[in-house]
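# Notes for the structure review
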Amino acid sequence: VQLVESGGGLVQPGGSLRLSCAASGFTFSSYTMKWYRQAPGKERELVAGISSGGGITNYADSMKGRFTISRDNNKNTVYLQMNSLKPEDTAVYYCNARWSTQSYWGQGTQVTVSS
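Summarised in this report is the structure supplied together with it.

What counts, and at which threshold
- Residues numbered from 1 in each chain as written.
- Predicted model: local features only at pLDDT ≥ 70, side-chain atom pairs only at ≥ 80, totals over all residues.
- Heavy atoms only, no water.
- Helix = DSSP H or I, 4+ residues; strand = E, 2+ residues; numbered from the N terminus.
- Contact = heavy atoms within 4.5 Å.
- Disulfide = S-S within 2.5 Å.
- Buried < 20%, exposed > 50% of the residue type's maximum accessible area, 1.4 Å probe, protein only.
- Core = buried A, V, L, I, M, F, W, Y, C linked by side-chain atoms within 4.5 Å.
- Pairing = 2+ DSSP bridges.
- Phe/Tyr/Trp six-rings, centres within 6.5 Å; stacked < 30°, edge-to-face > 60°.
- Lys NZ or Arg CZ within 6 Å of the ring centre and 35° of its normal.

## So, the environment of Val4
- With respect to the element layout, Val4 can be found in strand 1 (residues 2–6).
- Between the C-alpha atoms of Val4 and Thr27, which are 23 residues apart in sequence, the distance is 15 Å.
- Look past the residues within four positions of Val4 in its chain and what remains in contact with it is Ser20, Cys21, Ala22 and Gln107.

## As for the state of the cysteines
- Scanning all chains against the criterion turns up one disulfide.
- One disulfide bridge connects Cys21 with Cys95, the sulfur atoms lying 1.9 Å from each other. Residues Cys21 and Cys95 are joined through a disulfide that is right-handed, its torsion about the S-S bond being 40°. You can see Cys21 sitting in strand 3 (residues 17–24) and its partner Cys95 sitting in strand 9 (residues 91–99), a full 74 residues away along the chain. Both residues of the pair, Cys21 and Cys95, count as buried.

## Details of the nonpolar core
- Grouped together as the largest cluster of nonpolar side chains are 29 residues, with contacts concentrated most on Trp35, Leu80, Met82 and Tyr93.
- When near neighbours in sequence (up to four residues on either side) are disregarded, Met82 contacts Gly15, Ser16, Leu17, Leu19, Arg66, Phe67, Tyr93 and Val111.

## Here's the deal with the side chain of Thr109
- The residue Thr109 is located in strand 11 (residues 109–113) in this model.
- Apart from the residues within four sequence positions on either side, Thr109 is in contact with Glu5, Ser6, Gly7, Gly8, Leu19, Ala91, Val92 and Tyr93.

## Some details on the pairing of strand 8 (residues 77–82)
- Taking burial as the measure, the six residues of strand 8 include five buried ones, the bulk of the element.
- Where strand 3 meets strand 8, six bridges bridge the pair, whose relative direction is antiparallel. For Ser20, the partnering residue across the bridge sits in strand 8 and is Tyr79.
- Of the strand pairs in this sheet, strand 7 (residues 67–72) and strand 8 are connected by six bridges, and their pairing is antiparallel. The partner of Ser70 across the bridge, within strand 8, is Tyr79.
- Hairpin connection of strand 7 to strand 8: four residues between the antiparallel strands, including Asn76 at a positive phi of 55°.

## A word on the packing of aromatic side chains
- Taken as a whole, this structure holds six aromatic pairs when the rule is applied.
- Consider the rings of Tyr31 and Tyr104, whose centres lie 5.8 Å apart with planes at 25°: the pair is stacked. Residue Tyr31 is located in the loop between strand 3 and strand 4 (32–38), and its partner Tyr104 is located in strand 10 (residues 102–105); the two are separated by 73 residues in the primary sequence.
- Residue class for Tyr31 comes out buried when judged on its relative accessible area of 5%.
- One Lys or Arg, Arg44, reaches over the ring of Tyr94 and ends 3.8 Å from the middle of that ring.
- A cation sits over an aromatic face here: Arg71 above Phe28, 4.4 Å from the ring centre.

This is the structure:
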């Protein structure tokens, strides 16, 4: 099982980034996918989630209207489009795959929002 995040980097406040998480080794289309983030000295927090078929999404309140989660089950990939980024969005972003009691994590990708 592998989850490989990409797309992180350094961006100025107000900018945008699109994160990707490529999955392999399991039946991607059966799994709920989530994005989490962890800032230095803080606990990991949920950013957004999307149902296995993509029809249901949910977001943390501070991300609503700025972030969009989506998935392509043909490409085994989940995305996180992040707009209007703020310095407080700086964190390592992780994708998570979940089905029943099974839960898989990626290694994370760093997002730094700074001028």
